[in-house]
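Notes for the structure review
As a plain string of letters, each chain reads:
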Amino acid sequence: MARNKAKDALALCLGVILIGCLVQAAGWMKGDGIVFPAVPEILRAFVRLLGTGSTWQKIGVTLRHLVEVMAISTVLGIAIGLLEGLNRFFRLLMRPTMIFLRSTPMIVLIVITMVLVKYEQVPLIASVIMLVPLISEAACEGCLRIDPELKDVYRLNSPLNGRVLWHVYLPLMAGYLRQAFESAVGMGIKLVVTTEYLVQTRNSLGKAIYTSAYFSEYSEIYAYALIMILLVLLVSELPGLLGRGVRALKKQQPE
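Residues numbered from 1 in each chain as written. Predicted model: local features only at pLDDT ≥ 70, side-chain atom pairs only at ≥ 80, totals over all residues. Heavy atoms only, no water.

**Some thoughts on the packing of helix α6 (residues 122-144) against helix α9 (residues 174-199)**
Interhelical geometry of α6 versus α9 gives an angle of 165° and a closest axis separation of 9 Å. Accordingly, the angle class assigned to the pair α6 and α9 is roughly antiparallel. In the crossing of α6 with α9, the sense of the turn from one axis to the other is right-handed. In this structure, α6 contributes V122, P123, A126, S127, M130, L131, L134, I135, A138, A139, E141 and G142 to the contact, and α9 contributes Y176, L177, A180, S183, A184, M187, G188, L191, V192, T195, E196 and V199. (Axes fitted to C-alpha atoms, helices over the stretch in contact; angles between N-to-C directions. Helix = DSSP H or I, 4+ residues; strand = E, 2+ residues; numbered from the N terminus. Parallel < 35°, antiparallel > 145°, perpendicular 65-115°, else oblique. Left-handed = near helix turned anticlockwise from the far one by under 90°. Contact = heavy atoms within 4.5 Å.)

Structural data, given as structure tokens:
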């Protein structure tokens, strides 16, 4: 287990280095050191930004938006996906809506949301609208893939209720939900920062990127990208950390 974690950490570090190499190669090919600054310059900007209190305030605002988006999207997505998996009529009823939300360009949905709600609510509502189909599709697929014999077992002892959904359906759907969650986190941070950029959310990473682009501080833009990568890794690991913590607490409790 420890060896696998070490390999994963090494692969992750090499992946970050690969990104730096690609940026450096693009700078050499384009011959533009402003748009594609050198990697040491990006790292200096990264360290400088992390050393200022305002950066942490911006990270806090964007991270709060991301956590809220993921929490609401996960609850709504699992609820809709379960209903779709359990009820064929509801699945067919929701199918056109889900196809519409998945196929509509992101910028179009964001602009529509900007027209309908207050600007400070756009990062939350627009991101949720675009992430719910991703999670609900995984939840529906996971529900449909459950072995019918396992469903027959619980039907012999209990009708379908909240306890059955929590202890039977969700654990059996965990693989699909975990994969959807990891994909949703990466997409979620991009959606949140994009909407913050468009509506100029105060003290956010989206606003910071807008300011850096306005003053042609491209090294800061790449530094903010590294910060967003770290945020994605942090939020992606939260469910696993919480799960291990709950299991550890259960082991410590006397039987």
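We are not done yet, so read on.
**Structural notes on the environment of E41**
Structurally, E41 is set in helix α2 (residues 39-50). For the pair formed by E41 and Y218, sequence separation is 177 residues and the distance between their alpha carbons is 9.9 Å.

**Some details on the nonpolar core**
One finds M70, Y169, M173, I189, L205 and Y224 to be the most contacted residues of the largest nonpolar core, which totals 51 residues. Excluding residues that lie within four positions of it along the chain, I189 makes contacts with T62, L66, M228, L231 and V232. (Core = buried A, V, L, I, M, F, W, Y, C linked by side-chain atoms within 4.5 Å. Buried < 20%, exposed > 50% of the residue type's maximum accessible area, 1.4 Å probe, protein only.)

**A few points about the side chain of S73**
Looking at the element boundaries, S73 is found in helix α3 (residues 53-86). A polar contact is formed between the side chain of S73 and the backbone oxygen of V69, at a distance of 2.7 Å. Look past the residues within four positions of S73 in its chain and what remains in contact with it is S127, V128, L131, V132 and I135. (Polar contact = N/O pair within 3.5 Å; in protein donor to acceptor, adjacent residues only side chain to side chain.)

**Quick notes on the packing of aromatic side chains**
Under the definition given, this model contains 2 aromatic pairs. With 5.4 Å between their ring centres and 70° between their planes, Y197 and Y210 make a pair best called edge-to-face. Of this pair, Y197 sits in helix α9 while Y210 sits in helix α10 (residues 205-214), placing them 13 residues apart in sequence. Note on Y197: relative accessible area 32%, which makes it partly exposed. The class for Y210 is partly exposed, based on a relative accessible area of 33%. (Phe/Tyr/Trp six-rings, centres within 6.5 Å; stacked < 30°, edge-to-face > 60°.)

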